[in-house]
Amino acid sequence: NRYWTYNLSTVDISKIIETAPVLKDISLRYDLEICCLSTYLGLWDTENIENALKAAGIAGCRNIRVNVPVYNGSENYRTLFNRAQEQIKVLEKLAASYEKRIIFEIHMGNIIPSASAAYRLVSPFDPRFIGVIYDPGNLVTEGYENYQMGIELLGEYLAHVHIKNSVWKQDKTEPDGTVRYRTAWVPFKEGCADLKKVLRLLKAAGYDGFVSVEDFSNDDDTRTKLQKDIEFIKSV
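Residues numbered from 1 in each chain as written. Predicted model: local features only at pLDDT ≥ 70, side-chain atom pairs only at ≥ 80, totals over all residues. Heavy atoms only, no water.

Undergrad: Provide a residue-level description of the packing of aromatic side chains, including the pertinent values.
TA: On inspection of all chains with the given rule, the structure shows 6 aromatic pairs. Geometrically, the ring pair formed by Y77 and F81 is tilted, given 5.8 Å between the ring centres and 40° between the ring planes. One end of the pair, Y77, and the other, F81, are both in helix α4 (residues 77-97), 4 residues apart, so they sit about a helical turn from each other. The exposure class assigned to F81 is buried, which follows from its relative accessible area of 2%. On the numbers, 5.6 Å between centres and 65° between planes, the contact of F188 with F232 is edge-to-face. Linking F188 in the loop between β7 (179-186) and α8 (195-204) with F232 in helix α9 (residues 222-235), this pair joins segments that are 44 residues apart in sequence. For F188, a relative accessible area of 5% gives the class buried. Taking relative accessible area as the criterion, F232 reaches 6% and is therefore assigned buried. Taken together through their ring pairs, the aromatic side chains of Y71, Y77 and F81 make up a single cluster. (Phe/Tyr/Trp six-rings, centres within 6.5 Å; stacked < 30°, edge-to-face > 60°. Helix = DSSP H or I, 4+ residues; strand = E, 2+ residues; numbered from the N terminus. Buried < 20%, exposed > 50% of the residue type's maximum accessible area, 1.4 Å probe, protein only.)

Undergrad: Tell me about the sheet that holds strand β3 (residues 101-105), and name the residues and values.
TA: The 6 strands lie next to each other as β1-β2-β3-β4-β5-β8, forming an open sheet whose pairing is parallel. Each having just a single partner strand, β1 (36-42) and β8 (211-213) make up the two edges of the open sheet. Taking the axes of each pair of neighbouring strands and ignoring which way they run, one obtains an average angle of 30° across the sheet. Across 4 bridges, β1 lies against strand β2 (residues 63-67) in parallel orientation. The residue of β2 that forms the bridge with L37 is I64. Sheet contacts for helix α7 (residues 147-154): β4 (130-134) and β5 (158-163); angle to β4, the most-contacted strand, approximately 165°. (Pairing = 2+ DSSP bridges. Axes fitted to C-alpha atoms, helices over the stretch in contact; angles between N-to-C directions. Contact = heavy atoms within 4.5 Å.)

Without other data, these values stay purely geometric and don't point to any function.
Okay, here's the thing in structure tokens:
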């Protein structure tokens, strides 16, 4: 996994405020806009979340990603969901004070693996300050719903879109003959997610936010992969 083992784009969260001017200078030099500071901070890490919001202001970025809790069955889903929603009340006020938006990713294994679960989580809040990352690649593993329905449901809360793809593959066969499957990351054109349809539906819905490449496949070297990904998106 080259994107994890040779990553030169990660910023130390403990130095995010000092690093923010450097990020801004680099983005201006190459005429790029920073669409999101994609943190791995949890909901209750309010100190670091506030630092990320400050850094977003310095870097000229509207969004920061914050992780919602995973769901592993150790705590009743309703209890966990309600605790998360109570904390988002705190984060909404914090985001508003910096005029930024905190966004949560639809992701397998967490409390919002689908568009409808994500909408249920964020619907009590102001979409200027709280939003959702839509990820059709993640929906292959868990949470798939009709794309158009999900996009329409999220509406004004749809803040960002990840584009990647995944496919179900046979993993193993148990002694009794039961076949088990798992998902694996693949190039855009080879997975279960209909990315052409997603992009066209986003356009039809009037979505004007960012679509970012999050291609975890390893078939090509990074430069070749990104070139193919950009060509695919432009072709659609």
